[in-house]
Amino acid sequence: MLVNLHIVNLALIDELDIDLTEGLNILTGETGAGKSIIIGSIGIGLGGKFDASLLRNPEKDGLVELLFSVDRNLAAELAKEEIEVEDGEILISRRLTGGRSVNRINDSTVTIAKLKKIAEKLISLHAQHEQRTLLKTSKHLELVDTYDESVKELKAEVAGAFKDYKEVCDKLDGLTMDETERAKRLDYISYEINDIESARLTPGEDEELEEIFKKASNAQSIADIVSKVEASTGYEMDASAGSLISSALSDLRGLSRYDESSNELISTLTDIDALMSDFNRQLSDYISDMEFDEETLTVTENRLNLINTLKSRYGSSIEEVLETLDKLTVEKESLETYEESIKSLEKEKDELLKKLEKSADKLTKKRKETAKKLCADISDAMKDLNFNDVRFDMEFERAENYTSNGIDVAQFIISTNVGEEMRPLTEVASGGELSRVMLAIKSVVSEAADTPTLIFDEIDVGISGITAEKVGNMMHRLSESRQIISITHLPQIAAEADTAYVIEKEVVGDKTITGIRRLDDEGRVMELARLLGGASVTDSVLATAREMLQR
């Protein structure tokens, strides 16, 4: 149940804290006192729109916090969603700061989608506009689908079957072409495949050829540089580095006869001489590898031109060109076996359609069974709400095409008077009737869903008298197994409260502020008297209020 509602800096609220109780919590107040702000704040806490236009002071953060107590069964269910219940409580909070909403469950930041998913397990909010959803026939079937778990399982089966069927249909649509178009495409693909295959490409070949071409096309420059280096470092000329080092080494060896300490110098220069000798051998090998003829250059250039042409047509690298070849080969095989592919897919389509039809028929049958029970339960609930001669049912039709939701089109039909034909609910219900129908539906569906808390915002629109009393009675019965929070203008409903609150608007300094207070016994009498008598609260009105509370 919802234990506490905390609101900061929202509309006419500076800061407001409400402790709620088990059973039936009734909120009353003058028109314009801020009742809609309270319900709107709860809606924000459950994942509704939260933006800067709602803030009382745009320079400060806005905050809505909902504290719930959770029983062991619900805690186990929430654990599956990776939400840990601490000391039997869960805190949902939404803070608007710097134009950005921060959503938390306990101490963890969560996405708005997850917050909504968790909130749905804790509370169901019926705002004033929600009864208008009954005028959308698409919502009628949703109520049936949420009433029985086995319907959900069959819906998942139908959705899977439809997905498989749709995929095959899409493949068939993609293969559809006339014989001339197919032959033309096959001809072109064969040309492209031959164009690539005849080149006999090897991955990395272009990089190797680029290196060879670069060397071959600059062979003369390379030869000039190498010759110059060879002359400078070799042993052929007296002034070359190799010759000079060799001569110096011979002189040092003569020195060793007179000074043995020169041996270290001889060792170092010997190493230098060996390194120079090795360098010259490497230089000689390099020169022998650099022998390019004009034919090598021409062959290399022609091969590179071919590869670059193919890359310009089929991909930016040899690897991409070969990938294109693989794709073209697959497409060619598909076109060559086109008739066989069409027949195979047509056969698969027929089989999947039969599977979809079978699953959808099972779903339709289960929906009709569920709808029969749902409508019977709603009819009983409506009779408790002063629909004495009501008949309530659902009619089914088949849609033109299958969808992931099956083949069903359904809507509620109703007759509220003896001798009156049953007609679509969307055509006959008045505002007051819609309110009561929605209450009846909520009472039945929430029982099946085992929702811990139900909130009703002015469910009493368009009703009065004995009907209002019956609505109050039903809400009180509902509150025996779950928490009910309701805003009302009617004394017949307010009198049923286990706990009563009044929402008030007052001017403090230069500001108008909305507040809320819990009523004691005498406060309840005075508030009921206000609802009964308006501005004129006489002794007889007070007596009537006390009598209503005693009843």
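These figures come from a predicted structure and were not determined experimentally.

Draft legend 1. Molecular detail of the nonpolar core. Core analysis: the biggest nonpolar cluster contains 53 residues, and M382, F412, L439 and M475 have the highest contact counts within it. Beyond its immediate sequence surroundings of up to four residues, M475 is in contact with L24, L439, F456, I459, I484, S486 and I493. Core analysis: the second largest hydrophobic core is formed by 42 residues, L10, I37, L46 and I516 among them.

Draft legend 2. Expanded view of a negative patch on the surface. Side chains of E207, E208, E210, E319, E320, E323 and D326 sit close together on the surface and give a patch of like negative charge. Counting only elements with at least two residues in the negative patch, the list comes to α7 (205-217) and α12 (318-336). Looking at which element gives the most residues to the negative patch, the answer is α12, with four residues. Along the chain, the position of E208 falls in helix α7.

Draft legend 3. Fine view of the side chain of R436. Residue placement: R436 occurs in helix α15 (residues 431-449). When its relative accessible area of 10% is taken as the criterion, R436 is described as buried. Only 2.8 Å separates the side chain of R436 from the backbone oxygen of L385, close enough to count as a polar contact. Those residues in contact with R436 that lie beyond four places of it in its chain are L385, N386, F387, I463, T467 and V471.

Draft legend 4. Main features of the side chain of S359. Within the element layout of this structure, S359 appears in helix α13 (residues 338-383). A polar atom in the side chain of S359 sits 2.9 Å from the side chain of E157. Ignoring sequence-local partners within four residues, the contact set of S359 consists of E157, V158 and A161.

Draft legend 5. Fine view of the sheet that holds strand β5 (residues 89-97). The sheet built from six strands is open, its strands ordered β2-β1-β4-β5-β6-β7 with antiparallel pairing. The outermost strands of the open sheet, each flanked by one partner alone, are β2 (13-19) and β7 (108-109). Examined bridge by bridge, strand β1 (residues 2-10) and strand β4 (residues 62-69) share six bridges and lie antiparallel to one another. Its bridge partner being in β4, L2 is matched across the sheet by F68. Where helix α1 (residues 35-45) meets the sheet, its contacts fall on β1, β2, β4 and β5, and the angle it forms with β1 comes to roughly 100 degrees. Strands β4, β5 and β6 (100-105) of the sheet are contacted by helix α3 (residues 112-122), whose axis makes an angle of about 140 degrees with β5.

Draft legend 6. Inspection of the pattern of salt bridges at higher detail. A full pass over the atoms with the stated rule returns 30 salt bridges. Across the pair R367 and D145 runs a salt bridge whose closest N-O atoms are separated by 2.9 Å. In this pair, R367 is assigned in helix α13 and D145 in helix α4 (residues 137-147), connecting sequence segments 222 residues apart. Since its relative accessible area comes to 0%, R367 is described here as buried. Taking the relative accessible area as the measure of exposure, D145 reaches 5% and is therefore buried. The network of salt bridges with common partners includes D145, K155, R367 and D408.

Draft legend 7. A look at the environment of I44. Along the polypeptide, I44 turns up in helix α1. Sequence separation between I44 and F213 is 169 residues, and the spatial gap between their C-alpha atoms is 71 Å. Ignoring anything within four residues of it in the chain, the contact list for I44 reads L10, K49, F50, L54, V64 and R94.

Draft legend 8. Fine view of the packing of helix α6 (residues 179-197) against α12. Two numbers describe how α6 lies on α12: the axes approach to 9 Å, and their chain directions differ by 145 degrees. Crossing handedness for the pair α6 and α12: left-handed. The segment α6 lies against α12, with R182, R185, L186, I189, S190, E192, I193, I196 and E197 engaging V321, L325, L328, T329, E331, K332, L335 and E336. Considered class by class, the residues forming the contact of α6 with α12 number eight nonpolar, two polar and seven charged.

Draft legend 9. View of the sheet that holds strand β11 (residues 423-424). Across the sheet, which stays open at both edges, the three strands sit in the order β9-β10-β11 with antiparallel pairing between neighbours. In this open sheet, the two edge strands, each paired with only one partner strand, are β9 (391-403) and β11. Judged from the two bridges that link them, strand β10 (residues 406-415) and β11 form a sheet pairing that is antiparallel. Bridge pairing in β11 places I413 opposite P424. Running over the sheet, α13 touches β9 and β10 and is turned about 160 degrees from β9.

Draft legend 10. Local environment of the environment of E192. Structurally, the position occupied by E192 is in helix α6. Considering only alpha carbons, one finds E192 and V502, 310 residues apart in sequence, at a separation of 82 Å. With near-sequence residues (within four places) excluded, E192 lies in contact with Y314 and L328.

Draft legend 11. Structural detail: the packing of aromatic side chains. Counted by the stated rule, this structure contains one aromatic pair. Between F392 and F412, the aromatic rings sit 4.9 Å apart at their centres with planes inclined by 35 degrees, giving tilted as the arrangement. With F392 in strand β9 and F412 in strand β10, this residue pair connects regions lying 20 residues apart in the sequence. In terms of burial, F392 and F412 fall into one category: buried. Geometry around F387 places R436 over its ring, the cationic atom sitting 4.0 Å from the centre.

Draft legend 12. Structural detail: the pairing of β4. Where burial is concerned, most of β4 is hidden: six out of the eight residues are buried. In terms of strand pairing, β4 meets β5 through eight bridges, oriented antiparallel. Each residue of the ladder has a partner; that of V64, found in β5, is R94.

Draft legend 13. Looking closely at helix α2 (residues 72-79). Within the sequence span of α2, burial applies to L74, A75 and L78. End-on view of α2: buried residues confined to an arc of 105 degrees, all on one side of the axis. Facing away from the buried side of α2 by more than 90 degrees, the exposed set consists of R72 and N73. In this structure, the buried side of α2 is in contact with β5 and α3. Looking at where α2 begins, the residue whose side-chain oxygen comes 3.2 Å from the main-chain nitrogen of N73 is D71.

Quick notes on the rules
- Residues numbered from 1 in each chain as written.
- Predicted model: local features only at pLDDT ≥ 70, side-chain atom pairs only at ≥ 80, totals over all residues.
- Heavy atoms only, no water.
- Core = buried A, V, L, I, M, F, W, Y, C linked by side-chain atoms within 4.5 Å.
- Buried < 20%, exposed > 50% of the residue type's maximum accessible area, 1.4 Å probe, protein only.
- Contact = heavy atoms within 4.5 Å.
- Patch = residues over 30% accessible without salt bridge, like charges linked within 9 Å, V, L, I, M, F, W, Y side chains within 5 Å.
- Areas by Shrake-Rupley, 256 points an atom, 1.4 Å probe, with all protein chains shown as cover.
- Salt bridge = Lys/Arg side-chain N within 4 Å of Asp/Glu carboxyl O.
- Lys, Arg positive; Asp, Glu negative; His and termini not counted.
- Charge placed at Lys NZ, Arg CZ, Asp CG, Glu CD.
- Helix = DSSP H or I, 4+ residues; strand = E, 2+ residues; numbered from the N terminus.
- Polar contact = N/O pair within 3.5 Å; in protein donor to acceptor, adjacent residues only side chain to side chain.
- Pairing = 2+ DSSP bridges.
- Axes fitted to C-alpha atoms, helices over the stretch in contact; angles between N-to-C directions.
- Left-handed = near helix turned anticlockwise from the far one by under 90°.
- Nonpolar A, V, L, I, M, F, W, Y, C, P; charged D, E, K, R; others polar.
- Phe/Tyr/Trp six-rings, centres within 6.5 Å; stacked < 30°, edge-to-face > 60°.
- Lys NZ or Arg CZ within 6 Å of the ring centre and 35° of its normal.
- Arc of directions from axis to C-beta.

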